[in-house]
Amino acid sequence: MRSLAITLSAFMVIFFSSCDTLNQATQILSQTGLGNPSPTEISMGLKQALEFGTSSSADRLSATDGFFANAAIKILFPEEAQKVERTLRSVGLNKLADNVILSINRAAEAAAIEAKPIFISAVKGMTFSDASNILLSGQQDAATSYFKRVTSQQLADRFRPIIESNLQKVGATRNWTEAITAYNRIPLVGKVNPDLSAFVTGKAIDGIFFEIAQEELKIRTRISARSTPLLQKVFAYADQNRR
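Keep in mind the model is a prediction, meaning the values are calculated, not measured.

Some thoughts on unusual backbone geometry
Thinking step 1. If you check the backbone angles, Asp65 has positive phi at about 75° while not being a glycine.
Thinking step 2. Judged by its relative accessible area of 30%, Asp65 is partly exposed.

Here's the deal with the packing of helix 4 (residues 94-112) against helix 7 (residues 142-169)
To describe two helices that pack against each other, one gives the angle between their axes and the distance between the axes.
Thinking step 1. As a packed pair, helix 4 and helix 7 sit with axes 8 Å apart at the nearest point and diverge in direction by 135°. Relative to helix 7, the element helix 4 lies oblique. The chirality of how helix 4 crosses helix 7 is right-handed. Only Phe159, Ile162, Ile163, Asn166 and Leu167 of helix 7 make contact with helix 4, whose side of the interface consists of Ile104, Ala107, Ala110, Ala111 and Ala112.
Thinking step 2. Broken down by class, the residue content of the contact of helix 4 with helix 7 amounts to 9 nonpolar, 1 polar and no charged.

Structural notes on helix 8 (residues 172-185)
Turn by turn, an α-helix covers 3.6 residues, leaving residues three or four places apart pointing in a common direction.
Thinking step 1. With 14 residues, helix 8 ought to run about 20 Å at 1.5 Å a step, and its terminal C-alpha atoms sit 20 Å apart, in line with that.
Thinking step 2. Among all positions of helix 8, only Ala172, Asn175, Trp176, Ala179, Ile180 and Tyr183 are buried. Seen along its axis, helix 8 keeps its buried residues to an arc of 125°; they face one direction. In helix 8, those exposed residues whose orientation departs by more than 90 degrees from the buried face are Arg174 and Arg185.
Thinking step 3. The inward-facing, buried residues of helix 8 abut helix 3 (82-90), helix 4, helix 7 and helix 9 (196-221).

A few points about the nonpolar core
Thinking step 1. Judged by nonpolar contacts, the single largest core of 59 residues is most densely connected at Phe147, Phe159 and Val200.
Thinking step 2. Other than its neighbours up to four places away in sequence, Phe147 contacts Leu50, Thr54, Phe119, Ala122, Val123, Ser152, Phe209 and Ile212.

Description of the confidence of the model for the chain
Thinking step 1. Overall, the prediction assigns the chain a mean pLDDT of 81, with 82% of residues at 70 or greater.
Thinking step 2. In this model, residues 1-33 is a region of pLDDT below 50 whose contacts with residues beyond four sequence positions or in other chains number 19 contacts.

A word on the packing of aromatic side chains
Given two aromatic rings, one states the distance between the centres and the angle between the planes to describe the pair.
Thinking step 1. Per the counting criterion, the structure on display carries 3 aromatic pairs.
Thinking step 2. Measuring from ring centre to ring centre gives 5.0 Å for Phe119 and Phe147, while their planes differ by 70°; the resulting arrangement is edge-to-face. Of this pair, Phe119 sits in helix 5 (residues 115-124) while Phe147 is found in helix 7, placing the two residues 28 residues apart along the sequence. Phe147 matches Phe119 in its accessibility class, with the two residues each being buried.
Thinking step 3. Ring geometry for Tyr146 against Phe147: centres 6.0 Å apart, planes inclined by 65°, an arrangement best described as edge-to-face.
Thinking step 4. A network of ring pairs unites the aromatic residues Phe119, Tyr146, Phe147 and Phe209 as a single cluster.

Topic: the packing of helix 2 (residues 39-62) against helix 9
Thinking step 1. Following both chains from N to C, one finds helix 2 and helix 9 inclined at 135°, their axes separated by 9 Å at the closest point. Taken together, the axes of helix 2 and helix 9 lie oblique to each other. Crossing of helix 2 against helix 9: the hand is right-handed. Contacts between helix 2 and helix 9 involve Ala49, Gly53, Thr54, Ser56, Ser57, Arg60 and Leu61 on the former and, on the latter, Gly207, Ile208, Glu211, Ile212, Glu215 and Ile219.
Thinking step 2. Here the residues of the contact of helix 2 with helix 9 sort into 5 nonpolar, 5 polar and 3 charged.

Conventions and cut-offs
- Residues numbered from 1 in each chain as written.
- Predicted model: local features only at pLDDT ≥ 70, side-chain atom pairs only at ≥ 80, totals over all residues.
- Heavy atoms only, no water.
- Buried < 20%, exposed > 50% of the residue type's maximum accessible area, 1.4 Å probe, protein only.
- Axes fitted to C-alpha atoms, helices over the stretch in contact; angles between N-to-C directions.
- Helix = DSSP H or I, 4+ residues; strand = E, 2+ residues; numbered from the N terminus.
- Parallel < 35°, antiparallel > 145°, perpendicular 65-115°, else oblique.
- Left-handed = near helix turned anticlockwise from the far one by under 90°.
- Contact = heavy atoms within 4.5 Å.
- Nonpolar A, V, L, I, M, F, W, Y, C, P; charged D, E, K, R; others polar.
- Expected span 1.5 Å × (residues − 1).
- Arc of directions from axis to C-beta.
- Core = buried A, V, L, I, M, F, W, Y, C linked by side-chain atoms within 4.5 Å.
- pLDDT = per-residue confidence, 0-100.
- Phe/Tyr/Trp six-rings, centres within 6.5 Å; stacked < 30°, edge-to-face > 60°.

Set out below in C-alpha cells:
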C-alpha cells in the first residue's frame, strides 16, 4: 500500500506540473500576439535549445570532477572486474582500487569536450522535419534519441584515441595494470583483463547522453529554462501540441 501511495503521489506531482506548464504556455502564446511559430522558427528554436544543452553538458562533464563527482555517471570498475575491486579491497589495497576509479574518470573528463563539435554539427544537419518531429514528439528524450542515432559512432571514433592517451597520461593504464596484476597473483582466482579503453569510452559516451537527456527534460518541463523569447514561443507551442 505504501508503494502504491508513493506511485500515486508521484503521478499527481507530474500531472499537475504538466497542467501548470500547459497553462503558462497558453499565456505565453497569447501574450506574444504572434500566433504559432513558423516552421523556420520551430527549427531555429529547437536548434538553439539543443546547442545550449549539448554545449553546457560537454562543458560540465569536461571540468574536473565532471564525471568523478557525479554519482549518476561516475565510472566504476567494469562489471566483469568488480570481483577484482572487491578482492583488492579485502586484502588492504584500497588505495590502488581508488586510484583506478579516479584515473578512469579523469580520462573520461578529458574526452568529454570533444563531444561539443560533434553535437553542433548534428544540430546544424537537422532538417525542418527532424526538428518538428523532435519538438512535438511525445518522448521527453526525443532529441537525445536522435543524437544517439546520428552521433554514437562519431563519438566513439573521436573519444577512443583521446581516452587511450589520457589513460596513459593520468596514470589509469599503470593503475589498472597494477590492479589486475595484483589480483591475478592471488591464488585460486580466475584471471581477468578487460579492455579498459573500450570500457571507459563506452561509459563516457553513456554519461554524455545522460546529461543531454537531463538538459532536454529540463527545457521541456520547466518554463524558467527557456531563456530566450524564441525558446519560450517554440516550446510553448510544443506544450500545446504534444503528439
